[in-house]
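Residue strings, one per chain:
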Amino acid sequence: MAVPGSSEKMLKKAQGFAADQVFLDLEDAVAAVAKPAARGTVVEALNHGDWTGKTRVVRINDADTEWAHEDVLQVVRGAGANLDCIMLPKVERVAHIHWLDVLLTQVEREAGLPVGGIGIEAQIEGPAGLSEIEAIAAATPRTEALIFGPGDFMAAMKMPALTIGAPGSSGFDPFDTVLMTIAMTARKYGLQAIDGPFALIKDLDGYRASAERAAAYGYDGKWVLHPGQIDTANDVFAPSQQMYDKAEMIIDAYDHYSSAAGGGLGAVMLGDEMIDEASRKLALVTAERGRLLNMPRTTRFEPAS
């Protein structure tokens, strides 16, 4: 969930939201005149807030701005022990990641923090960044996620749209190639793929459709800008009970039938569906998500007697 770093009220409220990650924003959600003061507000919130169960992230200003360097220095010096990741927006070239990686190492050493302990989340927000995405993904072991930033991407591509995350209803989706490229690169390098915001806060059907599109590409999650979007996001990116049960059933059935006791079979029928090793790999994706959420099983596999 995105939280303006200049708003003490929102920073306090966000601690109680059912979000997996909260990022405290020093970039777009904070006016230029408020950025210096917002750093102190963010440090205070990280050090004294209760962020139990949430990944704690700060989005700094982009590397080409006059604020980025001081953002890192003040936030890491002030609250590095209570910070999981720095989110870097508008990553247009691999040099941006190298800059942040080196600076984090310097400040971690200065502050006596474990070197490499603070991760990096990279926002891909323009065609230049997308064209260098492989180098960006592989630049440092610190990188944990690639994030699609639709607003700036739409502007950079001169798309005829006015709402962030909603490119229009022209009959095709201009984000398809971008979403797939980011997802493929993330998977290749073992990173998370995260979709960006949908700015029509009250349009939960539109948000759901946008989230389902990202989930279909294998994304791990999607930003929420408002608490009203959280339940929808959690619903979309968690497996249904039926899907979770089926996934565990496929795994159990294949493990049994491919074993010596089950006949050493490589492909078998489970109900009306043929399953094989590829089915097991697909099932693991859903099963692992369900296990992370501590979902109960409501069915069990029983070998035919």
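About the cut-offs
- Residues numbered from 1 in each chain as written.
- Predicted model: local features only at pLDDT ≥ 70, side-chain atom pairs only at ≥ 80, totals over all residues.
- Heavy atoms only, no water.
- UniProt positions renumbered as here; feature names shortened; annotations may be inferred.
- Pairing = 2+ DSSP bridges.
- Helix = DSSP H or I, 4+ residues; strand = E, 2+ residues; numbered from the N terminus.
- Core = buried A, V, L, I, M, F, W, Y, C linked by side-chain atoms within 4.5 Å.
- Buried < 20%, exposed > 50% of the residue type's maximum accessible area, 1.4 Å probe, protein only.
- Contact = heavy atoms within 4.5 Å.
- Expected span 1.5 Å × (residues − 1).

- Looking at an unreviewed UniProt entry, one finds the protein named CoA ester lyase, with Mycolicibacterium murale as its source organism.
- Under the Cofactor (unreviewed entry) heading, UniProt states for the protein: "Mg(2+)".

## Concerning the sheet that holds strand S5 (residues 119-124)
- Across the sheet, eight strands lie side by side as S1-S2-S3-S4-S5-S6-S7-S8; this open sheet has parallel pairing. Pairing within the sheet leaves two strands with one partner each, and these edge strands are strand S1 (2-4) and strand S8 (221-222).
- By the bridge criterion, three bridges tie strand S6 (residues 143-148) to strand S7 (residues 192-195) in an arrangement that is parallel. By the bridge assignment, Ala-145 is partnered in S7 with Gln-192.

## Examining the nonpolar core
- Judged by nonpolar contacts, the single largest core of 67 residues is most densely connected at Leu-24, Val-58, Leu-146 and Ile-182.
- Among the elements that line this core, the one with the most residues is helix H4 (residues 94-111), at six residues.
- If sequence neighbours within four positions are ignored, Ile-182 has contacts with Ile-124, Leu-130, Ile-133, Leu-146, Phe-148 and Tyr-219.
- In this structure, Met-249, Ile-250, Ala-253 and Ala-287 belong to the second largest nonpolar core, which totals twelve residues.

## Some points on helix H11 (residues 241-257)
- Under the 1.5 Å per step criterion, the end-to-end length of H11 is 24 Å for 17 residues, consistent within 8% with the ideal 24 Å.
- Among the residues of H11, Tyr-244, Asp-245, Ala-247, Glu-248, Met-249, Ile-250, Ile-251, Ala-253, Tyr-254 and Tyr-257 are the ones counted as buried.

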